[in-house]
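Close look at the chain arrangement
Residues per chain are reported as follows:
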Amino acid sequence: MAFYEFDIGVLGGGAAGLTVTSGAAQLGAKTLLIEKEPVLGGDCLHYGCVPSKTLIRTAQVYHGMKNAAQWGLPGCEVPAVEYSDVARRIQSVIGSIQKHDSEERFCSLGARVEFGMPSFVDEHTVKLKGRTFSARKWVIATGSSPSIPPTEGLDGISYLTNKNLFSLDHLPRSMIVLGAGPIAVEMAQAFSRLGTQVALIQRSGQILSREDKDMADLVMKVLSSEGVSFHLNAAVMSIREAGGNKEVVIQTREGARETLNAEVLLVAMGRTANLTGLGLEGVGVEFDNKGLTVDNRLRTTQKHIYAAGDVTGTYQFTHAAGYEGGIVISNAIFHLPRKVDYTYLPWCTYTDPELASIGMNEKAAGKAGIDYTVWVEEFKDNDRSLAEGAGTGKIKMILNEKEKPIGIQILGPQAGELLSEWVAVLNGNVKLSTLAAAVHPYPTLGEINKRVAGTFFSPKIFSDTIKKSLKFFFNLKGRACKARLE
Ligand SMILES: Cc1cc2nc3c(=O)[nH]c(=O)nc-3n(C[C@H](O)[C@H](O)[C@H](O)COP(=O)(O)OP(=O)(O)OC[C@H]3O[C@@H](n4cnc5c(N)ncnc54)[C@H](O)[C@@H]3O)c2cc1C
């Protein structure tokens, strides 16, 4: 049998790679982790989830200060934002979390950590800084980087991406955002709230294109009301530097041209898998422009080389990366053939209000040819939302032909948190009647989950048949008031 120095080698120390590394090392596998950057943690910690959510919270507080009168407080003149202070807060939050992702911690778990740019020299061996490391199994978890689509003029100017957005030395006066996915939309609202004039350009007619249009349009309405301007169905024709500003020429679907100007340009037009320099072509690991080609056990075209996280190009979320890391552990360490199942993979866009989703939305159900029904409850009818001053939004419950829930979308305050109950309901195959009957504390936002389940049962419980039966058996006397509720 061939001798390998390590049982498993992991390339990339982000959410996916760290999950595999800690699991494998704790299970007694001799584990090697190689990270390109000088620190562990990956995009989520340094340039993604953590800085963006920290910024969003800061922007939310500032927005609240500027709009204090909405809560019955005295209106006040709020000083302008000092972005360097905001950036410092971001770095301090990153620093606190970084401790969990330190080299020492992974070493204490039993893994060897190396830094540098590895490259496969054969199917079991990588070269790193002049020496080689061999492993029986490998995991590619090198994540993704911002996609920079070919656009006239873009390569000749400086622009922002998630890599440099959180460490700016001042708050931009104005910003053009290219793209309308979760990152683009979250950042558009956060910067707008901090005081930047934001314009967002989107090729199609809808922002957050994975979501149902009614929900995405509601998000857009909120952002528009806060001052973000949207240019939908707009193709970017050219970009150039003009008088210290970025000038973007767009063309509408009707062919009209418009020129937009801003101090900075944020490019948030999707992600590209980090595969350059790994030497994959030489070892028969296939990939396309979405990412690595994997089967449902996350094996690449070399069965002992696995992939997890953004590099697979499927669901590019931290929790998806963690989930996929677990699938790799099952297959590579336990030798249990476990397949990925994304049926109930939840996600949330952290705008205010948040937009959270699990299972199928109307778009997905329609595409799958499912004969579905939609049940809605609005936040304006939830007492706690009104007390919070956050009555915008709704929950949509999608039921299939058998009246089983197949998906939930929530647009509203703390939608990401509210979704957790549905994570348990759907994964645990909990009956809708159980949720509808379960007592929820009053007044909570969570009551909306119970209420939407109740909207399904109400017409059945209060039906004419039930009323007639009760009248027949118990001689109920019927209405006491002539006026009818419409
Ligand atoms: C602005 C922004 C906000 C986001 N917000 C959220 C959110 O709120 N919730 C959420 O779930 N997701 C969010 N994401 C997505 C999330 O960050 C990613 O899905 C997650 O980081 C993917 O984990 P990963 O391990 O696949 O990749 P990463 O975390 O990027 O880790 C990959 C690691 O591999 C290293 N690497 C790259 N190339 C090599 C190489 N050749 N050799 C060795 N190492 C290499 C990288 O340096 C990095 O450390 C956000 C992303 C962005 C950009």
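Residues numbered from 1 in each chain as written. Predicted model: local features only at pLDDT ≥ 70, side-chain atom pairs only at ≥ 80, totals over all residues. Heavy atoms only, no water.

**Considering the packing of helix H3 (residues 49–66) against helix H4 (residues 83–98)**
Remark: H3 packs on H4, axes separated minimally by 9 Å, with the N-to-C direction vectors making an angle of 135°. On the basis of their axis angle, the class for H3 and H4 is oblique. The element H3 and its partner H4 pack so that their crossing is right-handed. From H3, Val50, Pro51, Thr54, Leu55, Arg57 and Thr58 reach across to H4, where they touch Tyr83, Val86, Arg89, Ile90, Val93, Ile94 and Ile97. Counted by class, the contact of H3 with H4 contains 9 nonpolar, 2 polar and 2 charged residues. (Axes fitted to C-alpha atoms, helices over the stretch in contact; angles between N-to-C directions. Helix = DSSP H or I, 4+ residues; strand = E, 2+ residues; numbered from the N terminus. Parallel < 35°, antiparallel > 145°, perpendicular 65-115°, else oblique. Left-handed = near helix turned anticlockwise from the far one by under 90°. Contact = heavy atoms within 4.5 Å. Nonpolar A, V, L, I, M, F, W, Y, C, P; charged D, E, K, R; others polar.)

**Some words on the pairing of strand E18 (residues 354–359)**
With 6 of 6 residues buried, E18 is to be regarded as a mostly interior element. Bridging between strand E17 (residues 347–349) and E18 involves 3 bridges; their strand directions are antiparallel. Pairing of Trp347 across the sheet is with Ser357, part of E18. Count of turn residues in the E17/E18 antiparallel hairpin: 4 residues. With 6 bridges connecting them, E18 and strand E21 (residues 405–412) associate as antiparallel partners. Note that in E21 the partner of Leu355 across the bridge is Leu411. (Buried < 20%, exposed > 50% of the residue type's maximum accessible area, 1.4 Å probe, protein only. Pairing = 2+ DSSP bridges.)

**Things to note about the layout of surface pockets**
Put simply, the second largest pocket is a space of about 970 Å³. What lines the second largest pocket is a set of 32 residues, among which Gln60, Arg193, Asp352, Ala390 and Pro413 lie closest to the centre. The set of elements that each furnish at least two residues to the lining of the second largest pocket consists of H3, helix H6 (182–194), helix H7 (213–225) and helix H11 (415–427). With 8 residues, H3 is the largest single contributor of residues to the lining of the second largest pocket. Here the residues of the lining of the second largest pocket are counted per class, giving 9 nonpolar, 14 polar and 9 charged. (1 Å grid on protein atoms, 1.4 Å probe; cavity = no way out; pocket = protein on both sides within 12 Å on 5 of 7 lines; lining within 4 Å. Points joined across faces, edges and corners; volume = space filled by probe spheres on them.)

**A look at the site of the ligand**
Near the ligand there are 35 residues, and of these Ala16, Glu35, Lys53, Asp310 and Thr318 occur at the shortest range. Within the contact set of the ligand, an oxygen atom lies 2.9 Å away from a backbone nitrogen or oxygen of Ala16. At a separation of 3.4 Å, an oxygen atom of the ligand approaches a polar backbone atom of Cys44. Against a free-state accessible area of 990 Å², the protein chains account for coverage of 93% of the ligand. The set of elements that each furnish at least two residues to the shell around the ligand consists of helix H1 (15–26), strand E2 (31–35), helix H2 (42–46), H3 and helix H8 (318–332). In the shell around the ligand, the residues fall into 14 nonpolar, 14 polar and 7 charged. (Near = heavy atom within 4 Å. Polar contact = N/O pair within 3.5 Å; in protein donor to acceptor, adjacent residues only side chain to side chain. Areas by Shrake-Rupley, 256 points an atom, 1.4 Å probe, with all protein chains shown as cover.)

**With respect to the nonpolar core**
Within the largest apolar cluster, 44 residues are counted, with the highest numbers of intra-cluster contacts made by Leu55, Tyr83, Leu165, Met175, Phe191, Leu200 and Ile207. Those elements giving two or more residues to this core turn out to be H3, H4, strand E8 (174–178), H6, strand E9 (197–201), H7 and strand E14 (264–267). Ranked by residues supplied to this core, first place goes to H6 with 7 residues. Residues in contact with Tyr83, not counting those within four places in the same chain, are Leu55, Ile90, Leu165, Phe166, Leu168, His170, Leu171, Phe191 and Leu194. (Core = buried A, V, L, I, M, F, W, Y, C linked by side-chain atoms within 4.5 Å.)

**Overview of the side chain of Glu354**
Mapped onto the elements, Glu354 comes out in strand E18. In this structure Glu354 is buried but unpaired, with Lys53 as the nearest side chain of opposite charge at 8.8 Å. Only 3.2 Å separates the side chain of Glu354 from the backbone nitrogen of Ala415, close enough to count as a polar contact. Sequence-distant contacts of Glu354, that is, excluding residues within four places in its chain, are made with Cys348, Thr349, Ile410, Leu411, Gly412, Gln414, Ala415 and Gly416. (Lys, Arg positive; Asp, Glu negative; His and termini not counted. Salt bridge = Lys/Arg side-chain N within 4 Å of Asp/Glu carboxyl O.)

**Some details on the packing of H11 against helix H13 (residues 447–461)**
At a minimum axis distance of 9 Å, the contact between H11 and H13 shows a crossing angle of 50°. Compared by their axis directions, H11 and H13 come out oblique. The residues of H13 that touch H11, namely those facing Leu418, Glu421 and Trp422, are Ile448, Asn449 and Val452. Residues belonging to the contact of H11 with H13 are distributed by class as follows: 4 nonpolar, 1 polar and 1 charged.

**A few points about helix H14 (residues 464–474)**
Given 3.6 residues per turn, any residue in an α-helix points the same way as the ones three and four places further on. Where burial is concerned, little of H14 is hidden: 0 out of the 11 residues are buried. Taken from the residues just after H14, Asn475 is the one with a positive phi, measuring 60°.

**Quick word on the packing of aromatic side chains**
Overall, the coordinates contain 11 aromatic pairs when judged by the stated rule. Aromatic side chains Phe456 and Phe457 sit 4.9 Å apart centroid to centroid with 75° between the ring planes, which places their arrangement in the edge-to-face category. On the numbers, 5.2 Å between centres and 80° between planes, the contact of Phe472 with Phe473 is edge-to-face. Note on accessibility: Phe472 and Phe473 belong to one class, exposed. (Phe/Tyr/Trp six-rings, centres within 6.5 Å; stacked < 30°, edge-to-face > 60°.)

**Topic: a nonpolar patch on the surface**
On the surface, a nonpolar cluster with roughly 670 Å² of combined accessible area is contributed by Ile466, Leu470, Phe472, Phe473, Phe474 and Leu476. Overall, the relative accessible area of 39% leaves Ile466 in the partly exposed class. (Patch = residues over 30% accessible without salt bridge, like charges linked within 9 Å, V, L, I, M, F, W, Y side chains within 5 Å.)

**Side note on the sheet that holds E21**
If you walk across this open sheet you meet the 5 strands as E17-E18-E21-E20-E19, and the pairing is antiparallel. Edge positions in the sheet fall to E17 and strand E19 (373–378), since each has one partner strand and no second. Between one strand and the next, the sheet's axes are offset by a mean angle of 15°, whatever the strand orientation. Note: E19 against strand E20 (residues 394–399), 6 bridges, orientation antiparallel. Bridge pairing in E20 places Val374 opposite Ile398. This element, H13, spans E19, E20 and E21 of the sheet and lies at about 135° to E19.

These figures come from the coordinates and say nothing about function on their own.
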